[in-house]
Amino acid sequence: QKEVEQDPGPLSVPEGAIVSLNCTYSNSAFQYFMWYRQYSRKGPELLMYTYSSGNKEDGRFTAQVDKSSKYISLFIRDSQPSDSATYLCAPGVNSGGYQKVTFGTGTKLQVIP
Amino acid sequence: EADIYQTPRYLVIGTGKKITLECSQTMGHDKMYWYQQDPGMELHLIHYSYGVNSTEKGDLSSESTVSRIRTEHFPLTLESARPSHTSQYLCASSDGSGGKNEQYFGPGTRLTVT
């Protein structure tokens, strides 16, 4: 079993919809949580960073972390065709100066105009 | 916006050739990383560096080598390329101090070995 699990999709939604992307993890040692957006053949772009349970909002994006159930979500409001990409969840832990980030395989999102 | 650069963006090369993938960042970050990513798969860490003259191997075994002579520069070298090295190589950096754990990525180098 992988440490980080994401539904690969693809997830197709109409423009303007609220999108919910989810991720589960098994390692309770993870201390911080990142979401990246990756367009085809590009490098990942950091969207959200949080280190505690609860919600963090940035524009149309909200990251939600529930450490007790090891569950991470990313919500996108008023989705746009430009949001069509693969979304990677990436929890991390620092141990002895070593910064270890574990990436999920990503969920592919398609926003239909 | 992250200022991390990778060259070349695309490289097609024959078996047995020596290649160097370049990565530079202008953010003054001490920590730098190389990841390998195959289509539809997660990123795997192959090398990391916590500062000048510091390099370590990552979780995924790789025949590549790295060097860190300057803070801003973290090149990756393959002495003899093979078709099994075909992949996307992503460079990243982070501050790592004061809880700044965010990793910022370059655009990637897509390597094809024929």
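Use the structure listed above.
Residues numbered from 1 in each chain as written. Chains lettered and ligands numbered in written order. Predicted model: local features only at pLDDT ≥ 70, side-chain atom pairs only at ≥ 80, totals over all residues. Heavy atoms only, no water.

## What about the overall build of chain A?
Filter applied, for reference: Secondary structure elements follow DSSP: runs of H or I of four or more residues count as helices, runs of E of two or more count as strands, with numbering from the N terminus. Only C-alpha atoms enter the radius of gyration, while the globule expectation follows 2.2 Å times N to the 0.38, with N the number of residues. Each residue is assigned to one of three classes by its accessible area relative to the maximum for its type, calculated with a 1.4 Å probe on protein chains only: buried under 20%, partly exposed between the two thresholds, exposed over 50%. By definition, residues are in contact when any of their heavy atoms lie within 4.5 Å. All accessible areas in this document rest on Shrake-Rupley with a 1.4 Å probe, and a residue is counted as covered only by the protein chains that are shown. None of His or the chain ends enter the tally, which takes Lys and Arg as positive and Asp and Glu as negative. Throughout, a charge is located at the NZ atom of Lys, the CZ atom of Arg, the CG atom of Asp or the CD atom of Glu.
A count of helices and strands for chain A gives zero helices and 11 strands. Going from the N terminus to the C terminus, chain A shows its helices and strands as β-β-β-β-β-β-β-β-β-β-β. A globule of 113 residues ought to have a C-alpha radius of gyration of about 13 Å, and chain A, at 14 Å, matches this closely. Projected onto its principal axes, the C-alpha positions of chain A cover 45 × 30 × 25 Å. Taking all 113 residues of chain A together, the buried fraction comes to 44%. The contacts of chain A with a sequence gap of at least 6 include a subset with a gap of at least 24, amounting to 55%. Accessible surface computed for chain A: about 5,300 Å², of which carbon and sulfur atoms make up 49%. Separation of charge centres in chain A, based on 11 positive and 10 negative side chains, amounts to 7 Å.

## Concerning the interface of chain A and chain B
Using the following cut-off: By definition, the buried area sums, over both parts, the 1.4 Å-probe accessible area that each loses when the two are put together. Put simply, a salt bridge is a Lys or Arg side-chain nitrogen that is within 4 Å of an Asp or Glu carboxyl oxygen.
Facing the 21 residues of chain A at the interface are 26 residues of chain B. The contact between chain A and chain B buries some 1,900 Å² in all, and 47% of this surface belongs to carbon and sulfur atoms. Sorting the residues of chain A by area buried against chain B places Arg 41, Gln 99 and Phe 103 of chain A first, and these three jointly supply 33% of that buried surface. Between the two partners, chain A and chain B, sit two salt bridges. With a closest N to O distance of 3.5 Å, Glu 42 of chain B and Lys 2 of chain A form a salt bridge.

## Some points on the nonpolar core
Stated formally: By convention a nonpolar core is built from buried Ala, Val, Leu, Ile, Met, Phe, Trp, Tyr and Cys residues, the set being connected through side-chain atoms within 4.5 Å.
Trp 35, Leu 74 and Tyr 87 of chain A are the most contacted members of the largest nonpolar core, which totals 24 residues. Where this core is concerned, the elements lending two or more residues are strand 3 (19-25), strand 4 (32-38), strand 5 (45-50), strand 7 (61-66), strand 8 (71-76), strand 9 (85-95) and strand 11 (107-112) of chain A. Ranked by size, the runner-up nonpolar core spans 17 residues in total, among them Trp 34, Ile 46, Phe 74 and Ala 81 of chain B.

## So, the side chain of Gln 6 of chain A
Residue and element names in this part refer to chain A. Applicable threshold: Under the rule applied, a polar contact is a pair of N or O atoms within 3.5 Å (in protein, one hydrogen donor and one hydrogen acceptor; residues adjacent in sequence only if both atoms are side-chain atoms).
Position of Gln 6 among the secondary structure elements: in strand 1 (residues 4-6). A residue is classified by how much of its surface remains accessible, and Gln 6, at 8% relative accessible area, is buried. At 3.1 Å, the side chain of Gln 6 forms a polar contact with the backbone nitrogen of Cys 89. Ignoring sequence-local partners within four residues, the contact set of Gln 6 consists of Asn 22, Cys 23, Trp 35, Tyr 87, Leu 88, Cys 89, Gly 104, Thr 105, Gly 106 and Thr 107.

## Here we look at the sheet that holds strand 1 (residues 4-7) of chain B
All names here are of chain B. Heads up, the condition is: Paired strands are those between which DSSP finds at least two bridges.
Spatially, 1-3-8-7 is the arrangement adopted by the four strands of the open sheet, whose pairing is antiparallel. The two strands at the open ends of the sheet, each matched to only one other strand, are strand 1 and strand 7 (65-66). In terms of strand pairing, strand 7 meets strand 8 (residues 76-78) through two bridges, oriented antiparallel. Across the sheet, residue Val 66 finds its bridge partner in strand 8, namely Leu 76.

## With respect to the state of the cysteines
Selection criterion: Sulfur atoms of two cysteines make up a disulfide when they are within 2.5 Å.
Taken as a whole and judged by the stated rule, the model has two disulfides over all chains. The disulfide that involves Cys 23 of chain A links it to Cys 89 of chain A, with 1.9 Å between the sulfurs. Because the torsion about its S-S bond is 40°, the bridge between Cys 23 of chain A and Cys 89 of chain A counts as right-handed. Within this pair, whereas Cys 23 of chain A is found in strand 3, its partner Cys 89 of chain A is found in strand 9, the two being separated by 66 residues in sequence. Two residues share a disulfide in this structure: Cys 23 of chain B and Cys 91 of chain B, whose sulfurs sit 1.9 Å from each other. One disulfide, between Cys 23 of chain B and Cys 91 of chain B, carries an S-S torsion of -75° and so falls in the left-handed class. Note that Cys 23 of chain B is positioned in strand 3 (residues 19-25) and Cys 91 of chain B in strand 9 (residues 87-94), a separation of 68 residues in sequence.

## Thoughts on unusual backbone geometry
A cis geometry characterises the amide bond from Gly 9 of chain A onward to Pro 10 of chain A, with omega recorded as 5°. Take Pro 10 of chain A: it is sitting in the loop between strand 1 and strand 2 (11-14). That bond from Thr 7 of chain B to Pro 8 of chain B is cis: its omega, -10°, falls within 30 degrees of zero. With respect to the element layout, Pro 8 of chain B can be found in the loop between strand 1 and strand 2 (10-13). You will see that Arg 41 of chain A, though not glycine, has its phi angle at about 65°, which is positive. If you trace the backbone, Arg 41 of chain A turns up in the loop between strand 4 and strand 5.

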